[in-house]
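Chain residues, written in single-letter form:
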Amino acid sequence: MRPSREKAGMVYRTVREIRGPLMIVEGVRGAGYNEVVEVKLADGTEIIGTVLDTYSDRAVIQVFGHTEGLSLDAAVRFTGDVLRISLSDDLIGRIFNGSFKPLDGLPEPIGKERREVFVSIINPAAREPPSEFIQTGISVIDGMNSLVRGQKLPIFSEAGLPHNVMAAQVARQSTVLGREEEFAVVFCAMGIKHEEYEFFRREFEQTGALDRSVMVLNLADDPIIERILAPRIALTITEYLAFDLDMHVLAILTDMTSYCEALRSISIAKEEVPARKGYPGYMYSDLATIYERSGKIKGKKGSVTLMPILTIPGGDITHPIPDLTGYITEGQLILSRDLELKGIYPPVNPLPSLSRLMKDGVGSGKTREDHMEVSNQLYMAYAEGVKARDLSRIIGELGLSERERRYLKFADEFERKFINQGIYENRPIEKTLEIAWDLLSLLPEDELIRISEGNIKKYHPKYRKMAV
Amino acid sequence: MIREGVIRRINGSLIIAEGLPDAKIGDVAYIGGQRLIGEVVKISGNEVDLQCYEDTSGLRPGEPVVNTGKPLVAELGPGLVGEIFDGLERSELELWRLTGPFIKKGYRIAPLRRDKKWHFIPRIKVGDRVTEGDILGIVRETSVVEHRILTPVGINGVVERIEEGDFRVEEPIAEIRLPSGEKREITMVQVWPVRIPRPYKRRLPVTDPLFTGQRVIDMFFPVAKGGTAAIPGGFGSGKTITLHQIAKWSDADIVIYIGCGERGNEMAEVITNFPQLEDPRTGKKLIERAIFIANVSNLPVSAREASVYMGVTIAEYLRDQGYHVAVIIDSTSRWAEALRDLSGRLEEIPAEEGYPAYLAERIAGIYERAGKVVALGGADRVGSVTIMGAVSPPGGDFSEPVTSTTIRYVGSLWALDTELAYRRHFPAINWLRSFTKYVGLLDEFWGRYDPNWKIYRERALEVLEEASRLEEIARVIGEKALPDEQRLILLVSEIIREGYLVQHAFHEVDTYCPPEKQVEILKVIIGFYDLARPLIEAGVPVDRLRELRSVMELLRLKEKKTLEEIMEDSARLKTELESLKAEYEVKAA
Ligand SMILES: Nc1ncnc2c1ncn2[C@@H]1O[C@H](COP(=O)(O)OP(=O)(O)OP(=O)(O)O)[C@@H](O)[C@H]1O
Ligand SMILES: [Mg+2]
């Protein structure tokens, strides 16, 4: 009994049960695990699904499209293969939905290459550790949380904060120092509003990035379960552009919170035992199969830099979505409502933010020898300043010691001059470091203990003025 | 024995098969036409449940399952050192060469290279009697590791033939006549079931700390060679970097680094850096004493479960050769999630947060494989396995099942603190929440460098504790409102924290701090405290102390390359304090 290939293309009309996004088809002999099926609804529309659980005589299917109109007499075709998409350089400039159907009125892509969408794992031994500094022109990123090519660095945000504006600024301004290569942008929308999508589209149009971009869209009113597919399709395209066509790709995935909610709803439909807050125990591993698709490969030119955006449910950073993301990504940029209220843009709170790969991308020969130390000193001084500010809220500024007052002033100035900048302001790294040094010179020189004496002598404004 | 059955159901990594009446729990089977590797995990009636270690996409009910009847084993022999394996001991370097940069499933290669020849030098002669565990001969595997070929467990007899020469791992290097008269050819490769601890003659009490070159660990919260430690902390709090530091600088003979369900780039970084970094004690490249197991987060979850046992088994094998082996697991939480995943698919009744009821037993089972032992064999060869595991608590909450269970079974706890990490106080090991059961071992170790080490350590801990209490108060009333004696404690605690506990992993000098320097710095800092107290009593304001250049220099002692420089700074400090004292005596008079 070898019911494998011959069954490919077999059509069944034996749907026994439909429960949320799940469908049980009986009488199926040996459906492949993860095999793609096409379900034809009574009205003729076709949606795709994959096999989640397969028995000798039946299969449980997860469908990705709208399930309204789905009935027991739907025709289910088992394709005999896992989900693959066609790839070619014609994809650049195109727009698709979450199931890879064109939304731009152009025909379905025909590609030379058909690649699996779900499983793509870079052999860790073949990875090249990312180390090329990306100048985003945003001081709080470049100066303190530098992004490098091949990194995955998410933005943790909340509703109403300008994460989209910031991501668009990053996409617009990013360059690698000393090279003129521009990034191709792969944009994947999951559950975002039309108006947000229109913002990105306009942005990309105005800057000409649209001609170097691919969009995969699942907007707020699109089928929720399709959100499971959308990022994987986007990343399959991304990998092709990077590792077959040697491009440097920045992939923006937004909003990962919508993705995780889709994952949860499938898990609930499957009646799985949840881990925390109803989210499945395998969410860490599932997210890893998305985020880990960034990186660089030894001997290949291109790179995949990933910038996922997620809105933190209830502003709680210990919520499973930001928590598990932080456990996988190489740092995080955290937006703060407090800074936003003060009118600071971008409202990135540096203290809980982190770029783990910064150390590999900065320093002499890359940015500047004092870069890492300056960053460490800014962290320390700002933390002191915030502590002093908290204290002054309790005992008043007069109760502060002179030292505390100095740090408080530092924190205020730091927010106004360093973090704060224009949406169209593109600061070179030298400028960012210059502002940093001006601020650090508000503090006694002896307290700059995270900076080596050599670098103080070389870069501290006091000595530079003397040298002039 | 019936070896071939048929798949009935596939649910992710769980395969249910029929027609394998002779299956035993733990048997390895080849699943489907692609011959994916799996292990029998449950038997009920004529159904056998298997956990598949590779991606099961495309697998169909009706495909065959072939039971090997053998358990999952580690292959042990020359060629382990410097390798990077996946959780099933496939060389990822070799897979990369054979199949390109993306992982292809169902690909099987022998763990140890079959084509390479190793120079074998016998250590015994024909006619010698050997028992299990005796060294037959050696192979110089790297300039650091002498691979000692052991008489396999279960073999005793008389050497009939043994010769020096260049051999492949599968070629016989000796022949032993067993008591039964049967002759057994011995090769340089052996296998051992990963889930069964390797036997030894007896356990020894641990006596030496594993020196790591990291001050907060070595001076305050050491782990023993043969002991266990856990390092829990929320994301970004510094687990991986701390463990990397230990892998780089600790005085273990061999380091086994198990990347279990963590980032690919982190593994890439160690594999790329280790061939360049030098061991501060031997001057040899670190790669010559390291073995990597890289079961990263996007590889199939099920294989994470096996990867930890694989690494520990390799460690025990090297221990049996008389080495001190450090096993690093990053992260045990990802391993526990693999247990949870399988348990859920088997529809077992979950205990807390979906984890199976046997979680504690499994965690203990891993840490129990650490220890210092006398190995099998005639000579009393001593070796040890030290196990250090990262724990990644969801939401940074230490009361969750994996963290709270792990804390019960380890000898040292390095509790990471997100608040410290936000301030870039690294390693962010919280000195109030961490513990060690190995303080008793420190006497001998630190006594070698300074007879008064214990006083410095205790005073430092006292200051830190007192300061944290004072900080609570200062948070409400402001530091300024505290009396100067108390503000001095805050100043000294700041110096201890910034000048001693903080140790930047990427600082050229301070990444590794030798023992004599560790004691010296602490001595100078505590010395400062002793000199400063009478000054404060004499009315010198704390702010005057803070303004002294040499006091701020205390924060930089760790960056100094030599002890002389530290002593010079200390002398300068004394002079400055004395002139300050003189100034106030004049004022008072
Ligand atoms: N000893 C140290 N010296 C300097 N920087 C450090 C040190 N320890 C940690 N860091 C900084 O903290 C960052 C996060 O550390 P690390 O990657 O070890 O965290 P983690 O606890 O392993 O997080 P995760 O659970 O997400 O893997 C590093 O990228 C580095 O910037
Ligand atoms: Mg880590």
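Just so we're clear, the structure is a prediction, and the values are computed from it rather than from any experiment.

A separate point is the overall build of chain B. On a plain count of helices and strands, chain B comes out with 16 helices and 26 strands. For a compact globule of 589 residues, the expected C-alpha radius of gyration is about 25 Å, and chain B comes in at 28 Å, within 12% of that figure. Its C-alpha atoms give chain B principal-axis dimensions of roughly 100 × 55 × 40 Å. Taking all 589 residues of chain B together, the buried fraction comes to 63%. A sequence separation of at least 24 residues applies to 69% of the contacts in chain B between residues at least 6 apart. Per element, the accessible surface of chain B, about 21100 Å² overall, is 52% carbon and sulfur.

To continue, consider the domain arrangement of chain B. For an interface, size is often stated in terms of accessible area lost upon the parts coming together. Looking at the assigned domains, one finds that chain B contains domain 1 (3-71), domain 2 (113-188), domain 3 (202-438) and domain 4 (453-588). On a C-alpha basis, the centres of domain 1 of chain B and domain 2 of chain B stand 36 Å from each other.

Moving on: the sheet that holds strand S10 (residues 129-130) of chain B. The 4 strands lie next to each other as S10-S13-S15-S16 (chain B), forming an open sheet whose pairing is antiparallel. With partners counted over all chains shown, the strands left at the sheet margins are S10 and strand S16 (183-186) of chain B, one partner each.

Below, the discussion takes up the interface of chain A and chain B. Between chain A and chain B, the residue contacts involve 93 residues of the former and 82 residues of the latter. Taking both sides of the interface into account, the surface hidden between chain A and chain B amounts to around 7000 Å²; carbon and sulfur atoms contribute 53%. Of all residues in chain A, Tyr-33, Ile-121 and Tyr-327 of chain A bury the most surface against chain B, accounting for 11% of the area lost on that side. Remark: the boundary between chain A and chain B carries 9 salt bridges. A salt bridge links Arg-450 of chain A to Glu-498 of chain B, with the shortest nitrogen-to-oxygen separation between them at 2.8 Å. At the boundary of chain A and chain B, one finds 38 residue pairs in polar contact (both at pLDDT 80 or more). Sorting elements by how many residues they give to the side of chain A that touches chain B places helix H10 (residues 371-395) of chain A first, with 9 residues. Taken together, the residues of the side of chain A that touches chain B break down into 44 nonpolar, 23 polar and 26 charged.

A few words now on the pairing of S16 of chain B. Residue and element names in this part refer to chain B. Where strand S15 (residues 174-177) and S16 come together, 4 bridges link them in antiparallel fashion. Each residue of the ladder has a partner; that of Arg-177, found in S16, is Lys-183. Linkage of S15 to S16, two consecutive antiparallel strands, is achieved through a turn of 5 residues, within which Gly-181 is found at a positive phi near 95°.

This part takes up the packing of H10 of chain A against helix H11 (residues 402-419) of chain A. Residue and element names in this part refer to chain A. Axis separation between H10 and H11 bottoms out at 7 Å; the angle between their running directions is 115°. Judged by the inter-axis angle, H10 sits roughly perpendicular to H11. For H10 against H11, the interelement crossing comes out left-handed. Mapping the contact onto sequence places Leu-378, Ala-381, Tyr-382, Glu-384, Gly-385, Val-386, Ala-388, Arg-389, Leu-391 and Ser-392 in H10 and Arg-403, Glu-404, Tyr-407, Leu-408, Phe-410, Ala-411, Asp-412, Phe-414, Glu-415 and Phe-418 in H11. Per-class residue counts for the contact of H10 with H11 are 12 nonpolar, 2 polar and 6 charged.

Bringing the domain arrangement of chain A into the picture now. Domain parsing of chain A yields domain 1 (4-82), domain 2 (85-359) and domain 3 (371-467). In this structure, domain 1 of chain A and domain 3 of chain A have C-alpha centres spaced 61 Å apart.

Now for the confidence of the model for chain B. Across chain B, the average pLDDT comes to 93, with 100% of residues at 70 or higher. The ipTM assigned to the predicted complex is 0.91, against a pTM of 0.94.

What follows deals with the site of ligand 1. What surrounds ligand 1 is a group of 20 residues, the closest being Arg-356 of chain A together with Lys-239, Thr-240, Ile-241 and Arg-263 of chain B. Ligand 1 sits at a junction of chains, with neighbouring residues supplied by chains A and B. Note that an oxygen atom of ligand 1 is positioned 2.8 Å from one of the backbone N or O atoms of Gly-236 of chain B. Considered on its own, ligand 1 offers 630 Å² of accessible surface; in the complex 95% of this is hidden by protein. Looking at the shell around ligand 1, the elements with two or more residues in it are helix H7 (320-328) of chain A together with helix H3 (239-249) of chain B. If you tally residues by element for the shell around ligand 1, the top one is H3 of chain B, at 3 residues. Residues that form the shell around ligand 1 fall into these classes: 8 nonpolar, 8 polar and 4 charged.

Before going further, it helps to examine the nonpolar core. Residue and element names in this part refer to chain B. Ranked by size, the top nonpolar core spans 95 residues in total, and within it Met-388, Trp-414, Phe-528 and Leu-545 carry the most contacts. Residues from two domains meet in this core; each of domain 3 (202-438) and domain 4 (453-588) gives at least three. Not counting residues up to four positions away in its chain, the partners in contact with Leu-545 are Leu-488, Leu-491, Phe-528, Ala-532, Leu-535, Ile-536, Val-551, Leu-577 and Leu-580. Counting 72 residues, the second largest nonpolar core, distinct from the first, contains Val-169, Ala-230, Trp-335 and Ala-370.

Our focus in this paragraph is the packing of helix H11 (residues 453-477) of chain B against helix H12 (residues 484-501) of chain B. All names here are of chain B. Running from N to C, H11 and H12 point in directions that differ by 120°, and their axes come no closer than 9 Å. On the basis of their axis angle, the class for H11 and H12 is oblique. Pair H11 / H12 crosses with left-handed handedness. Where H11 abuts H12, its residues Ala-460, Val-463, Leu-464, Glu-466, Ala-467, Leu-470 and Glu-471 lie against Gln-486, Ile-489, Leu-490, Val-492, Ser-493, Ile-496, Arg-497 and Leu-501. Among the residues making up the contact of H11 with H12, the classes are represented as 10 nonpolar, 2 polar and 3 charged.

Take the environment of Glu-158 of chain A next. Topologically, Glu-158 of chain A is positioned in the loop between strand S13 (155-157) and helix H2 (163-173). Setting aside its immediate chain neighbours within four residues, Glu-158 of chain A contacts His-163, Thr-311, Ile-312, Gly-315 and Arg-337 of chain A.

In this section: the side chain of Arg-334 of chain B. Its location among the elements puts Arg-334 of chain B in helix H6 (residues 332-345). Engagement of the side chain of Arg-334 of chain B in a polar contact is seen with the side chain of Tyr-284 of chain A, the distance being 3.3 Å. Among the polar contacts listed, one links the side chain of Arg-334 of chain B to the side chain of Glu-337 of chain B, at a separation of 2.7 Å. Filtering out sequence-adjacent residues up to four positions away, Arg-334 of chain B remains in contact with Tyr-284 and Tyr-327 of chain A together with Cys-260, Gly-261, Glu-262, Arg-304 and Ser-392 of chain B.

Turning our attention to helix H4 (residues 264-273) of chain B. Two residues of an α-helix separated by three or four positions point the same way, owing to the 3.6 residues in each turn. Burial within H4 of chain B is extensive, with 8 of its 10 residues counted as buried. Listed in full, the buried residues belonging to H4 of chain B are Gly-264, Asn-265, Glu-266, Met-267, Ala-268, Glu-269, Val-270 and Ile-271 of chain B. Taken together, the buried residues of H4 of chain B touch helix H9 (358-361) of chain A together with strand S8 (84-85), H3, strand S20 (254-260), strand S21 (290-295) and strand S22 (324-330) of chain B.

Moving on, we get to the packing of aromatic side chains. In total, this model carries 25 aromatic pairs over all chains according to the counting rule given. Between Phe-414 of chain A and Phe-418 of chain A, the aromatic rings sit 5.2 Å apart at their centres with planes inclined by 15°, giving stacked as the arrangement. Placement of the pair is Phe-414 of chain A and Phe-418 of chain A together in helix H11, with a separation of 4 residues, close to one helical turn. Accessibility assignment for this pair places Phe-414 of chain A and Phe-418 of chain A in one class, buried. Ring geometry for Phe-211 of chain B against Trp-446 of chain B: centres 6.5 Å apart, planes inclined by 70°, an arrangement best described as edge-to-face. You can see Phe-211 of chain B sitting in the loop between strand S18 (202-204) and helix H2 (215-220) and its partner Trp-446 of chain B sitting in helix H10 (residues 442-447), a full 235 residues away along the chain. The pair formed by Phe-211 of chain B and Trp-446 of chain B is uniform in burial state, with each residue classed as buried. Each residue in the set Phe-211, Trp-249, Phe-445, Trp-446, Tyr-449 and Tyr-512 of chain B is aromatic and connected to the rest through ring pairs, giving one cluster. The cationic tip of Arg-334 of chain B hangs over the ring face of Tyr-327 of chain A; the distance from NZ or CZ to the ring centre is 4.8 Å.

What counts, and at which threshold
All chains use their own residue numbering, which begins from 1 and follows the written sequence. Chain letters start at A and ligand numbers start at 1, both assigned in the order the entries are written. Restriction of local features to residues with pLDDT of at least 70 applies here, the model being predicted, together with a cutoff of 80 or more for giving and counting side-chain atom pairs; totals for whole chains, interfaces and linings are based on all residues. Side-chain measures here rest on the full set of heavy atoms in the structure, leaving out hydrogens and waters. Numbering of helices and strands starts at the N terminus; helices are DSSP runs of H or I of at least 4 residues and strands are runs of E of at least 2. Two things to know: the radius of gyration comes from C-alpha atoms, and the globule rule equals 2.2 Å times the number of residues to the power 0.38. We call a residue buried when its accessible area falls under 20% of the maximum for its residue type, exposed when it is over 50%, and partly exposed in between, using a 1.4 Å probe and counting protein chains only. In this analysis, two residues are considered to be in contact whenever any of their non-hydrogen atoms come within 4.5 Å of each other. Note on areas: Shrake-Rupley with a 1.4 Å probe; residue coverage comes only from the protein chains shown. How far each domain reaches was decided by an automatic or database domain assignment. DSSP calls a pair of strands paired once it identifies at least 2 bridges connecting them. When two parts are brought into contact, each loses some accessible area as probed by a 1.4 Å sphere; the total of that loss over both is the buried area. Salt bridge, as applied in this entry: a Lys or Arg side-chain nitrogen positioned within 4 Å of an Asp or Glu carboxyl oxygen. Polar contact criterion, stated in full: a pair of N or O atoms within 3.5 Å, where within protein one must be able to donate a hydrogen and the other to accept it, and residues adjacent in sequence count only if both atoms are side-chain atoms. Three residue categories are used. Nonpolar comprises Ala, Val, Leu, Ile, Met, Phe, Trp, Tyr, Cys and Pro, charged comprises Asp, Glu, Lys and Arg, and polar comprises the others, including Gly. To get an axis, a line is fitted to the C-alpha atoms, and for a helix only the part in contact is used. The angle between two axes follows their N-to-C directions and goes from 0 to 180 degrees. Reported orientations rely on four angle classes, namely roughly parallel under 35 degrees, roughly antiparallel over 145, roughly perpendicular from 65 to 115, and oblique for the rest. Left-handed is the label given to a crossing in which the near helix is rotated counterclockwise from the far helix by less than a right angle, and right-handed is the label when the rotation is clockwise. A residue's pLDDT is the confidence the predictor assigns to it, expressed on a 0 to 100 scale. By convention in these notes, a residue is near a molecule or strand provided one of its non-hydrogen atoms lies within 4 Å of it. Throughout, nonpolar core names a set of buried Ala, Val, Leu, Ile, Met, Phe, Trp, Tyr and Cys residues whose side chains join them through atoms within 4.5 Å. What counts as a ring pair is set by centres within 6.5 Å for rings of Phe, Tyr and Trp (its six-membered ring), and what kind of pair is set by the plane angle: stacked under 30 degrees, edge-to-face over 60, tilted for all other angles. Placement of a positive charge over a ring is assigned whenever Lys NZ or Arg CZ falls within 6 Å of the ring centre and within 35 degrees of the normal to the ring plane.

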